[in-house]
Amino acid sequence: MSWEAPLAERVRNLKPSPTLAVDAKAKALKAQGVDIVNLSAGEPDFDTPDHIKEAAIKAIKDGFTKYTAVAGIPELKDAIAAKMERDYGLKYSSDEIIASTGGKQVLYNIMQAILDPGDEVIIPVPYWVSYPALVELAGGVPQYLMCSADDGFALDMDGLRSMITSRTRAIILNSPSNPTGAAYSRDDLEEVTKLALAHGFYIISDDIYDEIRFDGVAPENAASVNPECRDRVLVVNGVSKTYAMTGWRIGYLAGPAAVVKATAKIQSQSTSNPNSIAQKAAAAALSGPQGCIDVMKTAFAERKAYIVDRLRAIEGVKCVDPSGAFYAFPDMSAFYGRKHEGGTVTDSLSLADYLLESASIACVPGIAFGDDRFIRFSYATDMKVITEGMDRLEEALGKLK
Ligand code: PMP
Ligand code: GLU
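Residues numbered from 1 in each chain as written. Chains lettered and ligands numbered in written order. Predicted model: local features only at pLDDT ≥ 70, side-chain atom pairs only at ≥ 80, totals over all residues. Heavy atoms only, no water.

Report on helix α11 (residues 276–287), specifying residues and quantitative values.
Taking 1.5 Å as the rise per residue, α11 with twelve residues should run 16 Å; its terminal C-alpha atoms sit 17 Å apart, in good agreement. Within α11, burial applies to Ser276, Ile277, Ala278, Gln279, Ala281, Ala282, Ala283, Ala284, Ala285 and Leu286. The inward-facing, buried residues of α11 contact α3 (50–61), α4 (74–88) and β8 (251–254). Where α11 starts, the residue carrying a side-chain oxygen 2.8 Å from the main-chain nitrogen of isoleucine 277 turns out to be asparagine 275. (Helix = DSSP H or I, 4+ residues; strand = E, 2+ residues; numbered from the N terminus. Expected span 1.5 Å × (residues − 1). Buried < 20%, exposed > 50% of the residue type's maximum accessible area, 1.4 Å probe, protein only. Contact = heavy atoms within 4.5 Å. Polar contact = N/O pair within 3.5 Å; in protein donor to acceptor, adjacent residues only side chain to side chain.)

Next up, the structure:
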């Protein structure tokens, strides 16, 4: 008898992460021998620095291979606290910090911990692909705040004020942003803290790209610009991007003890502690020499300058100069309505498909980030790949009539 495995509604309505999906497709095509230029995933191409790997090897050799405290080992929590003080001037005690299996799990736990069904979370658009799904999985309702490339993707403050209701539980700020690379100004951050204090909502500050900035501004977030708001700010960060440690899966939350304790309960009933060996590696990353960040940042800055110049040189392409992270997010809507041999480009999805099929360029359509006019190109890959990608892009766009 045939059996159609029944599934819960929450998963029937859930789409897989589009960034991971495009990356998987690009890798599969590459494995089949297709000469793919992969500008899709936001994953540093650098290897994890040696002193971090050594800490993990030592952990294994020392037999540090058992369960740890659910919220993370003291050594890692101390390293996180030291980073928060070093970079933000903010002091967090041990019960205000939890380490989890990547920043994504931190965000998942937060949504589960703070949202009741129907609670609203304000998400500035363009947003990182997983925010809406993470909110919805917890029964929350995303409220989208449109932000414009004409303003460099700054927060629309009037729009924000008009969206706040009695159900507003949180706003997510991601600065520098995936996918735009934009960073919020100090004034805007401060303004959001005033609204959070006045209306009683959390600011979820996704600071995962805080160290990858090209505008000379030191890391700052809602809690550092207005310490009065500290207990409303849930700081999310991790080692994936800063230390080229995407596969190690360590992220963390710094915030009010009550929220940290609630996420620890969720973690204790779901994943338990994050990987013990990776915790040792993350502690070494955060407390060891920080020179590796500058090496990677210098390379990202050089690639950013190159890719933005190349994109802007193509007629019809408009691209905001990113302040940080490792993405270029150009407006490609001038090409919509143009034809190629296989059909017509009508939106970001059909443009991304055309680029993959005709030029073997993997990139992520803007619709995945909530704005269909754009395409995201990750430059967390080497200059040769970026150069080849831009050559191919120029040629493929030139063929559209
Ligand atoms: N937030 C943003 C904005 C990201 O781009 C990522 C990277 N995928 C994450 C969170 C989560 O990263 P990770 O789970 O690897 O720590
Ligand atoms: N955050 C990265 C990206 O946006 C990795 C993929 C993911 O976690 O979604 O490409």
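Residues and numbers for unusual backbone geometry, please.
Leaving glycine out, the prevailing phi sign among residues is negative, and the prevailing peptide bond configuration is trans. The step from serine 175 to proline 176 runs through a cis peptide bond, and the omega angle for that step is -5°. Position of proline 176 among the secondary structure elements: in the loop between β5 (168–174) and α8 (186–199). Asparagine 178 connects to proline 179 through a cis peptide bond whose omega is 25°. Along the chain, the position of proline 179 falls in the loop between β5 and α8. The residue serine 272 is not glycine, and still its phi comes out positive at about 60°. One can find serine 272 in the loop between α10 (257–268) and α11. Positive phi values are uncommon outside glycine, yet serine 360 reaches one of about 55°.

Go over the sheet that holds strand β3 (residues 120–125) with me, naming the residues and quoting the values.
A sheet is described by the order of its strands in space; here seven strands give the open sequence β2-β8-β7-β6-β5-β3-β4, paired in mixed fashion. Two strands close off the open sheet at either side, each with one partner strand: β2 (97–100) and β4 (141–146). Adjacent strand axes in the sheet meet at a mean angle of 20° when their direction is disregarded. Sheet topology places β5 next to strand β6 (residues 202–206); five bridges connect them, and they run parallel. Along β6, the bridge assignment pairs isoleucine 172 with isoleucine 204. Strands β2, β5, β6, β7 (233–238) and β8 of the sheet are contacted by helix α5 (residues 103–114), whose axis makes an angle of about 155° with β7. (Pairing = 2+ DSSP bridges. Axes fitted to C-alpha atoms, helices over the stretch in contact; angles between N-to-C directions.)

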